[in-house]
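Listed here are the chains, written in short residue letters.
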Amino acid sequence: MKHLTLNVTICLLVSIYLLSCERKLFNYEDIKAEVKIISFEFGATGLSSGTVWPPTYYNFGDNHLVVYNPFRHGLDTIKKEKELFQLVKGIDLDSEGPEAINDFESFFSTDAHEVFVLNNAVITKNEVADFSYLDLPKLIEPLVSGPFVIGRLTDNLFGRIHHGFDSKNELLYFFVFDGSENNLLLCKLDLILGSIDLIPHPIDIQELANFQILIDDQGTYMANQRLPYIYIFEQELVLSFNYSSDVFVLNFDSDRYEKITNRSELFPTSKSVNIHLDSDFDFMKVLKAMDAISSDVEFGSIQKFGKDGGYCRLVRGLVVNQEYSKADFFLEIFDSKFKKLKEIQLNRLAPDMSPFFISFPDGLFIKAKNQPNEEKLDYYFIPTENFIAY
């Protein structure tokens, strides 16, 4: 018995020692020295630092990205030149006529087309002026048996971003909530064929329903909160949530999902608020319930980070007294297999950081809350090597 007790004690001490030696996920000092302010020059584009920026963007190149300029209804290019980013005027878009492109939420580029995603439609256009309008509700109707809700194609906590587009194969992925069957559909839209197929998914509809408010009002449904996020990268489809830190990864080659769960030292890993509404609802109770869900911890969408295949995500902490601007927000950094490398409280790193960011090949740009110069937009820049060399 003494030997057994001694062995148990030794194992316990070794475990405690190993845990004490384990590297913490968050570390500020090795990052603070590298954080710096970088400005985007607007030039004569008509934008200012007061613009809600970026309203939408795409096409991350090695030294540029393309953005939508809402003031002149066109696509512009931000080019990186040393420590400065210059905004260069690009192509104009038609705002009137049969081929007008207005009120789009996101846009992409393929070898064959420019793709513009609206709330309920997708427009494709190419260099020889071929114009195609795909009406999503009409394509979805044969797949459901009653009322449905199309998930917002650019729905992200920290910016209007949609990464559910496979530009190589011209496929757009999005969710549809089938109200009559209380079911969630993962849809794949083929832009070439103009057809929709359904993709199996492992999402627990009951768990999703815990953080949604669905009201049946004579056959119509109102969906509050976000449907899951979608991210497409090469041979993988990534599903994540605004209410949980869990991630599902589908490998297209194996056609199998893997569930990935990471711990956190800085914030809860899921929402905990519990909402119960009577069938005969009161509208003020609904508003309070919506606020309670929104005020709990919330996760942004997964994004690519750096050239080496890593990922990142922003997380907003608990909101007190509806003061969203004062809530803590955090950055999670993952490797290419979604193992968490770091998590950092960004407003501790720099109080002037906002929760709006652009993920770029060589680093992360986080918008500053205060913008003293109307002609320049100031961002904090964190180099990628701070995270991949962890």
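Residues numbered from 1 in each chain as written. Predicted model: local features only at pLDDT ≥ 70, side-chain atom pairs only at ≥ 80, totals over all residues. Heavy atoms only, no water.

A.B. asks: Please set out the packing of aromatic side chains residue by residue, giving values where relevant.
C.D. replies: Counted under the stated rule, the structure contains 16 aromatic pairs. Each ring, one from Tyr231 and one from Tyr311, has its centre 5.8 Å from the other, and the planes form 85°; the classification is edge-to-face. In this pair, Tyr231 is assigned in strand S17 (residues 229-233) and Tyr311 in strand S23 (residues 310-316), connecting sequence segments 80 residues apart. The structure contains a cluster of three or more aromatic residues connected by ring pairs, namely Tyr231, Phe233, Tyr311, Phe334 and Phe338. (Phe/Tyr/Trp six-rings, centres within 6.5 Å; stacked < 30°, edge-to-face > 60°. Helix = DSSP H or I, 4+ residues; strand = E, 2+ residues; numbered from the N terminus.)

A.B. asks: Could you give an account of a nonpolar patch on the surface, naming the residues involved and the relevant values?
C.D. replies: A contiguous nonpolar surface patch, about 310 Å² in accessible area, is contributed by Phe283, Met284 and Leu287. Secondary-structure assignment places Phe283 in helix H5 (residues 283-295). (Patch = residues over 30% accessible without salt bridge, like charges linked within 9 Å, V, L, I, M, F, W, Y side chains within 5 Å. Areas by Shrake-Rupley, 256 points an atom, 1.4 Å probe, with all protein chains shown as cover. Salt bridge = Lys/Arg side-chain N within 4 Å of Asp/Glu carboxyl O.)

A.B. asks: Explain the sheet that holds strand S9 (residues 131-135) residue by residue, including any values.
C.D. replies: Spatially, 4 strands are ordered S6-S7-S8-S9 in an open sheet, and the strand pairing comes out antiparallel. Each edge of the open sheet is held by one strand with a lone partner, namely strand S6 (106-109) and S9. Ignoring which end each strand starts from, the neighbouring axes of this sheet average 15° apart. (Pairing = 2+ DSSP bridges. Axes fitted to C-alpha atoms, helices over the stretch in contact; angles between N-to-C directions.)

A.B. asks: Lay out the confidence of the model for the protein chain in plain terms, naming residues and giving numbers.
C.D. replies: For the protein chain, the average pLDDT comes to 78, and 77% of its residues sit at 70 or higher. Confidence drops under a pLDDT of 50 for residues 8-26, and excluding neighbours within four residues, the segment shows 14 contacts in the predicted structure. (pLDDT = per-residue confidence, 0-100. Contact = heavy atoms within 4.5 Å.)

A.B. asks: Give a detailed account of the nonpolar core, specifying residues and quantitative values.
C.D. replies: Counting residues in hydrophobic clusters, the biggest one holds 24 residues, and the most contacted among them are Tyr173, Phe175, Leu184, Ile203, Ile230, Leu237 and Leu239. Among the secondary structure elements, those contributing two or more residues to this core are strand S12 (171-178), strand S13 (183-190), helix H4 (205-209), S17, strand S18 (236-240), strand S19 (247-251) and H5. It is S12 that provides the largest number of residues to this core, a total of 4 residues. The next biggest cluster of nonpolar side chains, apart from the first, holds 19 residues, and it includes Cys312, Leu331, Leu346 and Phe357. (Core = buried A, V, L, I, M, F, W, Y, C linked by side-chain atoms within 4.5 Å. Buried < 20%, exposed > 50% of the residue type's maximum accessible area, 1.4 Å probe, protein only.)

A.B. asks: Describe the pattern of salt bridges, naming the residues involved and giving the relevant values.
C.D. replies: Oppositely charged side chains may form a pair once their charged atoms are brought near each other. According to the stated counting rule, one finds 11 salt bridges in the structure shown. Note that Glu298 and Arg316 form a salt bridge whose closest N and O atoms lie 4.0 Å from each other. One end of the pair, Glu298, is in strand S21 (residues 298-299); the other, Arg316, is in strand S23, with 18 residues separating them in the sequence. The same class applies to Glu298 and to Arg316, which are both buried. The partner of Glu323 in a salt bridge is Lys326, and the shortest N-O contact between them spans 3.3 Å. Judged by its relative accessible area of 36%, Glu323 is partly exposed.

A.B. asks: Run through the sheet that holds strand S20 (residues 256-260), naming residues and quoting values.
C.D. replies: Taken in spatial order, the 4 strands of this open sheet run S17-S18-S19-S20, and their pairing is antiparallel. Bordering the open sheet on either side are S17 and S20, each of which pairs with just one other strand. Averaged over all pairs of adjacent strands, the angle between their axes in this sheet comes to 20°, without regard to strand direction. Note: S19 against S20, 5 bridges, orientation antiparallel. Along S20, the bridge assignment pairs Leu250 with Tyr257.

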